[in-house]
Amino acid sequence: FLDYEVLYEEYGRQSYNQVVANVQEWQERFCNEVSLDDIYDLVYKASIYDVRELVNSVNNRRLPLPINLRGNGFARYIKDTGCDETAVYLVFAKECEPFVVEYDAWELREDNEDRMRNLIERGRRAFMDTESYYIRLRYAYQLIRLAHYLRDYELTVQLYDYLMPK
């Protein structure tokens, strides 16, 4: 029998490793021009409000970066290069987050099936409207993940078959 501490430690390490790999992938995608810390802060720590304001700032050059993101090199890079697909995707990922992040298994959670299905539908449309191959893959990941957490395994497989490159 395994000690529960060993399980929790191993599972926690996997979660940590996933975050590190994700941040490194973003950095590689943006040619190592932004720091890991700035990517981490924008992807994992910034509020959805700030990321929505980043979208507005990217789409309207006269608007400054949100005050909480002004010192963030990744946000600055997205604005300076006009990467609105990236900013819009980050908002979508933040909207998905409450449904797919770790939570206390003993905690009772409200079933948000309608909201999750709405996100899947919105994500499908965004996937189709997105030109960037990289961002399309990120949408695919979020959609498949949402369907899995929804426990709609048939939809999960359908989304995988439809969205993933052959």
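This text gives an overview of the structure that appears in the document. Only a predicted model underlies this, so the values are computations on that prediction, with no experimental measurement involved.

**Quick look at the pattern of salt bridges**
Close approach of charged atoms allows side chains of opposite charge to pair. For the coordinates displayed, the defined rule picks out 8 salt bridges. Arg138 is the partner of Glu25 in a salt bridge, and the nearest nitrogen-oxygen pair spans 3.3 Å. Of this pair, Glu25 sits in helix α1 (residues 4–29) while Arg138 sits in helix α7 (residues 133–149), and the two are 113 residues apart along the sequence. Using a relative accessible area of 10% as the deciding quantity, one classes Arg138 as buried. For Glu95, the salt bridge identified is with Arg52, shortest N-O distance 3.0 Å. Of this pair, Glu95 sits in helix α5 (residues 84–100) while Arg52 is found in helix α3 (residues 48–59), placing the two residues 43 residues apart along the sequence. One network of salt bridges, in which partners are shared, links Arg52, Glu95 and Arg122.

**Examining the nonpolar core**
Ranked by internal contacts, the top residues of the largest apolar core, which has 45 residues, are Trp26, Leu42, Leu54, Phe74 and Ile78. Broken down by secondary-structure element, the contributors of at least two residues to this core are α1, α2 (36–45), α3, α4 (73–81), α5, α6 (113–129), α7 and α8 (153–163). A total of 9 residues in this core trace back to one element, the largest contributor, which is α5. For Ile78, the contacting residues outside a window of four places in its chain are Leu42, Leu54, Val58, Cys83, Thr86, Ala87 and Leu90.

**Section: the packing of aromatic side chains**
All told, the structure shown has 9 aromatic pairs when counted by the stated rule. Between Phe30 and Phe74, the ring centres sit 5.2 Å apart and the planes meet at 70°, which makes this aromatic pair edge-to-face. Highlighted residues: Phe30 in the loop between α1 and α2 and Phe74 in helix α4, separated in sequence by 44 residues. With a centroid separation of 5.3 Å and an interplanar angle of 85°, the aromatic rings of Phe30 and Tyr77 are classed as edge-to-face. Taken together, the positions of Phe30 in the loop between α1 and α2 and Tyr77 in helix α4 put the pair 47 residues apart, joining distant regions of the chain. Neither Phe30 nor Tyr77 differs from the other in exposure class; each is buried. Taken together through their ring pairs, the aromatic side chains of Trp26, Phe30, Phe74, Tyr77, Tyr89, Phe92, Tyr134 and Tyr139 make up a single cluster. When the ring centre of Phe127 is taken as reference, the NZ or CZ atom of Arg136 above it lies at 4.0 Å.

Conventions we followed
Residues numbered from 1 in each chain as written. Predicted model: local features only at pLDDT ≥ 70, side-chain atom pairs only at ≥ 80, totals over all residues. Heavy atoms only, no water. Salt bridge = Lys/Arg side-chain N within 4 Å of Asp/Glu carboxyl O. Helix = DSSP H or I, 4+ residues; strand = E, 2+ residues; numbered from the N terminus. Buried < 20%, exposed > 50% of the residue type's maximum accessible area, 1.4 Å probe, protein only. Core = buried A, V, L, I, M, F, W, Y, C linked by side-chain atoms within 4.5 Å. Contact = heavy atoms within 4.5 Å. Phe/Tyr/Trp six-rings, centres within 6.5 Å; stacked < 30°, edge-to-face > 60°. Lys NZ or Arg CZ within 6 Å of the ring centre and 35° of its normal.

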